[in-house]
Amino acid sequence: MASVLLLFIVFVFDLIAFGLAVAAEQRRTTWQVVNESRDSSYCVYEKDIATGLGIGSFLLLLASQLFMMVASRCLCCGRALTPSGSRSCAILLFITTWVFFFIAEVCLLAGSVRNAYHTKYRVYPGNTSPSCQSLRKGVFGAGAAFIVLTGIVSELYYVCLTRAKDFEAPRDPGGIRMSSL
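Residues numbered from 1 in each chain as written. Predicted model: local features only at pLDDT ≥ 70, side-chain atom pairs only at ≥ 80, totals over all residues. Heavy atoms only, no water.

**Q** Before we go on, may I ask you to explain the confidence of the model for the chain in this structure?
**A** Taken over all residues, the pLDDT of the chain has a mean of 81, while the share at 70 or more is 76%. For the chain, the element scoring lowest by mean pLDDT is strand S3 (residues 122-123), at 56; helix H1 (residues 4-26) scores highest, at 94. (pLDDT = per-residue confidence, 0-100. Helix = DSSP H or I, 4+ residues; strand = E, 2+ residues; numbered from the N terminus.)

What follows is the structure in structure tokens.
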């Protein structure tokens with residue numbers, strides 16, 4: 001039977017990571033163009049809390065995934081699983097979990113790095129207004145969506161893997177057999 005404590009801990013980590021990613025999406029850095037004089041202007045950015053929230057979400061999702069893989073021995077360590085439907089399901093979910101995890105981590109890390117980047121140049125006479133760069137809307141939101149998918153699939157993976165480990169093939173299938181001569 002699957003460890004309920006492990007599933008609960010992973011669920012809580014994923015839930016907190018999701019909350020941090022949504023908060024990062026809501027608190028993305030914004031900017032304003034400030035006119036220093038009639039001919040000169042520059043960008044002023046507000047506080048940068050979304051980067052910290054994104055990195056926190058990144059680290060919690062990483063901890064959740066590592067915890068799940070250590071507890072399940074990453075499917076590659078330990079005794080071989082007997083062929084069954086649960087084993088096939090566990091292998092498919094294992095691959096899917098890592099794909100979703102990778103996409104979520106890339107979204108969170110790229111969003112945090114891009115959100116922390118601020119242009120620091122001035123525009124002088126004859127130029128247009130400064131290009132104040134900021135993070136596009138939805139990067140942290142995509143990370144949050146993939147956090148949810150990673151959480152669901154990783155818990156299903158652990159349940160299928162546990163079921164596959166508990167499965168024992170029948171030793172004597174019964175019926176008519178040929179004896180060795």
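**Q** Help me understand the nonpolar core in this model?
**A** Among soluble globular proteins, nonpolar side chains are generally buried collectively. Formed by 16 residues in total, the largest nonpolar core has its most connected members in Met 68 and Tyr 157. Those elements that provide at least two residues to this core are H1, helix H2 (50-72), helix H3 (85-116) and helix H4 (139-166). Beyond its immediate chain neighbours, meaning those up to four positions away, Tyr 157 contacts Met 69, Ser 72, Cys 74, Leu 75, Ala 90, Leu 93, Phe 94 and Thr 97. In terms of nonpolar packing, the next biggest core, distinct from the first, is built from 13 residues, Ala 24, Phe 58, Phe 140 and Ile 147 among them. (Core = buried A, V, L, I, M, F, W, Y, C linked by side-chain atoms within 4.5 Å. Buried < 20%, exposed > 50% of the residue type's maximum accessible area, 1.4 Å probe, protein only. Contact = heavy atoms within 4.5 Å.)

**Q** Honestly, the packing of aromatic side chains in this entry has me stumped. Any pointers?
**A** For any two aromatic rings, the description comes down to two numbers: the centre-to-centre distance and the angle of the planes. One pass over the structure, following the stated rule, counts three aromatic pairs. With a centroid separation of 5.5 Å and an interplanar angle of 50°, the aromatic rings of Phe 94 and Tyr 157 are classed as tilted. Placement of the pair is Phe 94 in helix H3 and Tyr 157 in helix H4, with a sequence separation of 63 residues. On the basis of relative accessibility, which here comes to 0%, the residue Tyr 157 falls in the buried class. Arranged with centres 5.8 Å apart and planes meeting at 55°, the rings of Phe 100 and Phe 146 form a pair that is tilted. One end of the pair, Phe 100, is in helix H3; the other, Phe 146, is in helix H4, and 46 residues separate them in sequence. (Phe/Tyr/Trp six-rings, centres within 6.5 Å; stacked < 30°, edge-to-face > 60°.)

**Q** Is there a simple way to think about the packing of H2 against H3 in this case?
**A** The relative placement of two packed helices comes down to the angle between their axes together with the axis-to-axis distance. The geometry of H2 relative to H3 is characterised by a closest axis approach of 8 Å and an angle of 160° between their N-to-C directions. In this view, H2 runs roughly antiparallel relative to H3, as classed from their interaxial angle. Crossing angle aside, the handedness with which H2 passes H3 is left-handed. For the pair H2 and H3, contact is made by Ala 50, Thr 51, Gly 54, Ile 55, Ser 57, Phe 58, Leu 61, Leu 62, Gln 65 and Met 69 and by Phe 94, Thr 97, Trp 98, Phe 101, Ala 104, Glu 105, Leu 108, Leu 109, Ser 112, Asn 115 and Ala 116, respectively. (Axes fitted to C-alpha atoms, helices over the stretch in contact; angles between N-to-C directions. Parallel < 35°, antiparallel > 145°, perpendicular 65-115°, else oblique. Left-handed = near helix turned anticlockwise from the far one by under 90°.)

**Q** Just to check I follow, could you spell out the packing of H1 against H2 for this structure?
**A** One way to put it is that H1 packs onto H2 with a least axis distance of 8 Å and a crossing angle of 160°. In terms of orientation, H1 lies roughly antiparallel with respect to H2. Taken as a pair, H1 and H2 cross one another with a handedness that is left-handed. Between H1 and H2, the residues in contact are Leu 6, Leu 7, Ile 9, Val 10, Phe 13, Asp 14, Ile 16, Ala 17, Leu 20, Ala 21, Ala 23 and Ala 24 and Ala 50, Leu 53, Gly 54, Gly 56, Ser 57, Leu 60, Leu 61, Ala 63, Ser 64, Phe 67, Met 68 and Ala 71, respectively. When grouped by side-chain class, the residues that make up the contact of H1 with H2 number 19 nonpolar, four polar and one charged. (Nonpolar A, V, L, I, M, F, W, Y, C, P; charged D, E, K, R; others polar.)

**Q** Hey, could you run me through a nonpolar patch on the surface in this one?
**A** Taken together, the side chains of Phe 11, Leu 15, Phe 18, Val 22, Val 148, Ile 152 and Leu 156 make up a nonpolar region of the molecular surface, amounting to roughly 580 Å² of accessible area. Broken down by secondary-structure element, the contributors of at least two residues to the nonpolar patch are H1 and H4. No other element matches the four residues that H1 contributes to the nonpolar patch. With respect to the helices and strands, the residue Phe 18 is situated in helix H1. (Patch = residues over 30% accessible without salt bridge, like charges linked within 9 Å, V, L, I, M, F, W, Y side chains within 5 Å. Areas by Shrake-Rupley, 256 points an atom, 1.4 Å probe, with all protein chains shown as cover. Salt bridge = Lys/Arg side-chain N within 4 Å of Asp/Glu carboxyl O.)

**Q** Quick question: what am I supposed to make of the layout of surface pockets here?
**A** Picture a little ball the size of a water molecule; that probe, rolled over the atoms, points out where space is still empty. Considered as a void within the structure, the largest pocket measures approximately 150 Å³ in volume. As for the largest pocket, its lining consists of Phe 11, Asp 14, Leu 15, Phe 18, Ile 147, Val 148, Gly 151, Ile 152 and Glu 155. Elements with a contribution of two residues or more to the lining of the largest pocket: H1 and H4. The biggest single contributor to the lining of the largest pocket is H4, with five residues. Partitioned by chemical class, the residues of the lining of the largest pocket number six nonpolar, one polar and two charged. (1 Å grid on protein atoms, 1.4 Å probe; cavity = no way out; pocket = protein on both sides within 12 Å on 5 of 7 lines; lining within 4 Å. Points joined across faces, edges and corners; volume = space filled by probe spheres on them.)

**Q** Looking at this model, I keep getting lost on H1. Mind explaining?
**A** The α-helix advances 3.6 residues per turn, and as a result positions three or four apart in sequence lie on the same side. In a regular helix each residue adds 1.5 Å, so 23 residues correspond to 33 Å; H1 covers 33 Å between its end C-alpha atoms and thus fits that length. Those residues of H1 lying buried are Leu 6, Leu 7, Val 10, Asp 14, Ala 17, Ala 21, Ala 24 and Glu 25. Check the buried side of H1 and you find it contacts H2, H3 and H4. (Expected span 1.5 Å × (residues − 1).)

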